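# Residue-level structure breakdown
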Amino acid sequence: MLKAVILIGGPQKGTRFRPLSLDIPKPLFPIAGLPLIQHHIKACKRLAECKEILIIGSYTTTTMAQFVSDMQIEYSPVIIRYLQEFTPLGTGGGLYHFRDQVRAGNPTAFFLLNGDVCANFPLEELWAFHEERPNALVTIMGTEATRQQSVHYGCMVQEPTTKAVTHYVEKPSSYISTLINCGVYVCSLQVFHTMADALQKEKGGFYSRNGHGSPPPGYMSFEQDVLAPLAGTNKLYAMQVGHWWSQVKTAGSAIYANRHYLELHRRLKYEPCHILPYVYIHPTAVVDSTAVIGPNVSIGEGVTIKAGVRIKESIVLNNATINEHALVMYSVVGQGASVGEWSRVEGTPTDPDPDKPFAKMDNIPLFNSEGRLNPSITVLGSDVVVPPERIVLNSIVLPHKQLSRSFKNEIIL
């Protein structure tokens, strides 16, 4: 038997995903028509040996209850549960806190997946790789990045023959390696002994400094406190994959992930209008036959798309309305938002450089060195109203705003 653990953090995280995360918890943000972590759950369900999926985070149980209930019904007989941390405990602390829940039933091993990554999740390959190495405590799914971008991730040096990780540094200050950590692991249950030792050291540091300058007791970084010490002990291995992989940190990365998930799943069953692949349209959406939608568009529940509308490279969330002849490109339109007739809502794509092999998303800061807004995806928050014949370009509009004019390169508070 196998289990899976999905780490989703809490509302204190995901600040770069605002204002979208003000209304929808980031782990539940719809990408290609499914909440972000439902893609993780689908991948785990494909493993016949996986009997239970535990979601760990510091969102309230009430926030996650409906989603977990829906997933339990859809993916039965796999058991799906949410475990709420009493306080944010880091990527390792929550896992260790709920170790008895993970070990219950004595699974052979468990998968550990960060909730903010997107991939086609080759978990079967990862499990086979881990099984071939009986002394492995943790096997990391790794991928190649550019030399410049690698320092923004966990970097690994690997023994070429055995694939053992000999050196691991999380976000190093200088170049280490182009092999980076994807945030997807297989862990043997014995890893909890290593975590216990790491936690004991953390507690010792906390009390020796009288609680100053340290995270609270129970906080642990899986990357820094577990993976780094395991490197060079022949207990940590990495399987390098060439499949698509990305983090979801910003609205731009959500649009990028949307494209790849649409290509993977190709879920559109009918074509209510002119479609340029690949597109997802919720069955309850009302779409005029003269609209042109795609490529890379997801349309949510209860959305209304009227005559002559053009949408590409965008996500339109539940109950939004796109009125006649409006144009939406490289944008996220929030829940209940309305785009007026002949209006134009447009952002700037932030995709990886296609001329650089292995390039990943650059999660650029909101502002440049001159204090100006960096061009990026346009985001309309929930219930925003864009009047007819207006242009909203490279801007972020917070929820419940009724725009009175056109905007370019602005944040509308």
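Structure's up top.
Below is a summary of the structure that appears in this document. Position numbers for residues start from 1 in each chain and track the written sequence from start to end. Local features in a predicted model are, by the rule used here, given only for residues with pLDDT of at least 70; side-chain atom pairs are given and counted only at 80 or more, and totals for whole chains, interfaces and linings are based on all residues. Note that water and hydrogens are dropped before the side-chain values are worked out from all heavy atoms of the structure.

Attention shifts here to the overall build of the protein. The number of helices and strands found in the protein is 8 helices and 30 strands. Computed over its C-alpha atoms, the radius of gyration of the protein comes to 22 Å, within 12% of the 22 Å expected for a compact globule of 413 residues. Taken along its principal axes, the extent of the C-alpha atoms in the protein is 65 × 50 × 40 Å. When the 413 residues of the protein are sorted by exposure, 55% land in the buried category. Should any heavy atoms of two residues lie within 4.5 Å, those residues are considered in contact. Long-range pairs, those at least 24 residues apart, make up 57% of the contacts in the protein between residues at least 6 apart in sequence. Approximately 17,700 Å² of the protein is accessible, and the part contributed by carbon and sulfur atoms is 51%. Charged-residue counts in this description rest on Lys and Arg as positive and Asp and Glu as negative, His and the chain ends being excluded. To locate a charge, take atom NZ for lysine, CZ for arginine, CG for aspartate or CD for glutamate. Both charge centroids of the protein, one from 36 positive and one from 35 negative side chains, sit 3 Å from each other. Helix and strand definitions follow DSSP, with helices as H or I runs of at least four residues and strands as E runs of at least two, each counted in order from the N terminus. Using C-alpha atoms as the atom set, the radius of gyration is obtained and then compared with a globule rule of 2.2 Å times the number of residues to the power 0.38. A simple rule labels every residue: compare its accessible area, found with a 1.4 Å probe on the protein chains alone, to the largest value its type can have, and call it buried under 20%, exposed over 50%, or partly exposed in between. Per-residue and other accessible areas follow the Shrake-Rupley method at a 1.4 Å probe size, with only the shown protein chains counted as cover for residues.

Residue placement: cysteine 182 occurs in strand β11 (residues 179-188). Relative accessible area serves as the criterion here: at 1%, cysteine 182 is assigned to the buried category. Placed 18 residues apart in sequence, cysteine 182 and glutamine 200 show a C-alpha to C-alpha distance of 27 Å. Residue contacts for cysteine 182: discarding those within four places in its chain leaves Val117, Met141, Gly142, Thr143 and Trp245.

A word on the pairing of strand β4 (residues 50-57). With 7 of its 8 residues buried, β4 lies for the most part within the structure. Whether two strands pair depends on DSSP finding at least two bridges between them. With 7 bridges joining them, strand β1 (residues 2-9) and β4 adopt parallel strand pairing. Bridge pairing links lysine 3 to glutamate 52 in β4. In terms of strand pairing, β4 meets strand β5 (residues 79-84) through 6 bridges, oriented parallel. Counted as the bridge partner of isoleucine 55 is tyrosine 82 from β5. On the question of chirality, the crossover connecting β4 to the parallel β5 by way of helix α2 (residues 61-74) is right-handed. With its strands directed away from the observer, a crossover is right-handed exactly when the path from the first strand over the helix to the second travels clockwise.

Two rings from Phe, Tyr or Trp (for Trp, the six-membered ring) form a pair when their centres are within 6.5 Å of each other. A pair whose planes differ by under 30 degrees is stacked, one over 60 is edge-to-face, and the rest are tilted. Overall, the coordinates contain 5 aromatic pairs when judged by the stated rule. Between phenylalanine 110 and phenylalanine 192, the ring centres sit 5.6 Å apart and the planes meet at 15°, which makes this aromatic pair stacked. Highlighted residues: phenylalanine 110 in strand β6 (residues 109-114) and phenylalanine 192 in helix α6 (residues 191-208), separated in sequence by 82 residues. We classify phenylalanine 192 as buried; its relative accessible area is 2%. Both rings, one in tyrosine 153 and one in tryptophan 245, keep their centres 5.8 Å apart while their planes meet at 65°; by these two values the pair is edge-to-face. Here the residue tyrosine 153 occupies a position in the loop between β8 (138-144) and β9 (154-158), and tryptophan 245 occupies one in strand β13 (residues 245-247), the gap between them amounting to 92 residues. Each member of the pair tyrosine 153 and tryptophan 245 is classed as buried. Each ring is checked for a lysine NZ or an arginine CZ that lies within 6 Å of its centre and within 35 degrees of its normal; such an atom marks a charge sitting over the ring. Taking NZ or CZ as reference, arginine 133 lies 3.7 Å from the ring centre of phenylalanine 129, over its face. Directly above the aromatic system of tyrosine 175 lies the positively charged group of arginine 147, at a separation of 3.7 Å from the ring centroid.

Let us now look at the side chain of asparagine 181. Of note, asparagine 181 is situated in strand β11. With a relative accessible area of 7%, asparagine 181 lands in the buried category. Within the structure, asparagine 181 has its side chain in polar contact with the side chain of tyrosine 168 (distance 3.0 Å). Excluding residues within four positions of it along the chain, asparagine 181 makes contact with Ile140, Met141, Gly154, Met156, Tyr168, Glu223, Leu227 and Trp245. N or O atoms closer than or at 3.5 Å make up a polar contact, with two conditions inside protein: a donor-capable atom paired with an acceptor-capable one, and, for residues adjacent in sequence, both atoms drawn from side chains.

Moving on, we get to helix α5 (residues 123-131). For α5, the set of buried residues is Leu123, Leu126, Trp127, Phe129 and His130. Projected down its long axis, α5 shows its buried positions confined to an angular sector of 160°, all on one face. Where the residues of α5 are buried, they touch β1, α1 (36-45), β6, β8, β11 and β12 (236-240). The arc in question is traced by the directions running from the helix axis to the C-beta atoms.

What follows covers the pattern of salt bridges. Salt bridge, as applied in this entry: a Lys or Arg side-chain nitrogen positioned within 4 Å of an Asp or Glu carboxyl oxygen. Counting across every chain of the model gives 9 salt bridges. A salt bridge links aspartate 116 to lysine 249; the nearest nitrogen and oxygen atoms lie 2.7 Å apart. You can see aspartate 116 sitting in the loop between β6 and β7 (117-119) and its partner lysine 249 sitting in the loop between β13 and α8 (251-265), a full 133 residues away along the chain. The same class applies to aspartate 116 and to lysine 249, which are both buried. The shortest N-O distance in the salt bridge between arginine 405 and glutamate 410 comes to 3.7 Å. Taking the relative accessible area as the measure of exposure, arginine 405 reaches 41% and is therefore partly exposed. Residue class for glutamate 410 comes out partly exposed when judged on its relative accessible area of 28%. By sharing partners, the salt bridges in this structure join Lys3, Glu52 and Arg81 into a single network.

The strand order across the open sheet formed by 5 strands is β16-β19-β21-β23-β26, and the pairing between neighbours is parallel. Every other strand in the sheet has two partners, leaving β16 (286-287) and β26 (385-386) as the edge strands with one partner each. Direction of pairing for strand β19 (residues 304-305) relative to strand β21 (residues 321-322): parallel, over a ladder of 2 bridges. Within the sheet, the bridge partner assigned to isoleucine 305 lies in β21 and is isoleucine 322.

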